[in-house]
Amino acid sequence: GMKLLNPETTAQYQLEERTLIAKRLKRSRNRINSLLGIMENDVISTTDKIAQLSDELATYYVDAAFKKAKTMGDLLRLSLSKVEKH
């Protein structure tokens, strides 16, 4: 059968995954910045969905900066900055 992970194992796994993602972000900094710049200047979602995600990310990260985001690119840049700082 399927075994469930205990909370400590889950937390350790999440930390390891965030560390790997942060390392990948640092290695790909120029490519990521280029993509984020395009996303910040393009309309890839509705204002309603951006507002919804802004609220949800502000709550998740306990950071009101997300509520100031105007585009999905803004939201992604802020969220990735949180991953890098972990």
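On a predicted model such as this, the values are computed, not experimentally measured, just so you know.

Basis of the calculations
- Residues numbered from 1 in each chain as written.
- Predicted model: local features only at pLDDT ≥ 70, side-chain atom pairs only at ≥ 80, totals over all residues.
- Heavy atoms only, no water.
- Buried < 20%, exposed > 50% of the residue type's maximum accessible area, 1.4 Å probe, protein only.
- Core = buried A, V, L, I, M, F, W, Y, C linked by side-chain atoms within 4.5 Å.
- Helix = DSSP H or I, 4+ residues; strand = E, 2+ residues; numbered from the N terminus.
- Contact = heavy atoms within 4.5 Å.
- Polar contact = N/O pair within 3.5 Å; in protein donor to acceptor, adjacent residues only side chain to side chain.
- Axes fitted to C-alpha atoms, helices over the stretch in contact; angles between N-to-C directions.
- Parallel < 35°, antiparallel > 145°, perpendicular 65-115°, else oblique.
- Left-handed = near helix turned anticlockwise from the far one by under 90°.
- Phe/Tyr/Trp six-rings, centres within 6.5 Å; stacked < 30°, edge-to-face > 60°.

A. Geometry of unusual backbone geometry. Within the chain, Val 62 stands out as a residue other than glycine whose phi angle is a positive 50 degrees. Classification of Val 62 by relative accessible area gives exposed; the value is 73%.

B. Seen up close, the nonpolar core. Core analysis: the biggest nonpolar cluster contains seven residues, these being Ile 50, Leu 57, Ala 58, Phe 66, Ala 69, Met 72 and Leu 75. Residue assignment for this core shows that the elements contributing at least two residues are α3 (47-61) and α4 (72-85). Sorting elements by how many residues they give to this core places α3 first, with three residues. The contact partners of Met 72, leaving out residues within four places of it in the chain, are Met 39, Ile 44, Ser 45, Lys 49, Ile 50 and Leu 53. By size, the runner-up hydrophobic cluster in this structure holds five residues, among which are Leu 25, Leu 36, Met 39 and Leu 80.

C. Inspection of the side chain of Ser 54 at higher detail. Mapped onto the elements of the fold, Ser 54 is located in helix α3. Reaching out from Ser 54, the side chain makes a polar contact with the backbone oxygen of Ile 50 at a distance of 2.7 Å. With residues up to four places along the chain from it excluded, the contact list for Ser 54 reads Phe 66, Lys 67, Ala 69 and Leu 75.

D. Broad picture of the packing of α3 against α4. At their nearest, the axes of α3 and α4 sit 10 Å apart, and the two run at 15 degrees to each other. Between α3 and α4, the angle falls in the class roughly parallel. At the point where α3 passes α4, the crossing takes the left-handed sense. Residues Lys 49, Ile 50, Leu 53, Ser 54, Leu 57 and Tyr 61 of α3 touch α4, and the partners they reach there are Met 72, Leu 75, Ser 79 and Lys 82.

E. Expanded view of the packing of aromatic side chains. In the structure shown here, the tally under the stated rule is two aromatic pairs. Seen from their ring centres, Tyr 60 and Tyr 61 are 5.0 Å apart, and the 85 degrees between their planes marks the pair as edge-to-face. Each ring, one from Tyr 61 and one from Phe 66, has its centre 5.1 Å from the other, and the planes form 10 degrees; the classification is stacked. By relative accessible area, Phe 66 is classed as buried at 0%. Each residue in the set Tyr 60, Tyr 61 and Phe 66 is aromatic and connected to the rest through ring pairs, giving one cluster.

From the geometry alone we can't say anything about function, so treat these as descriptive.
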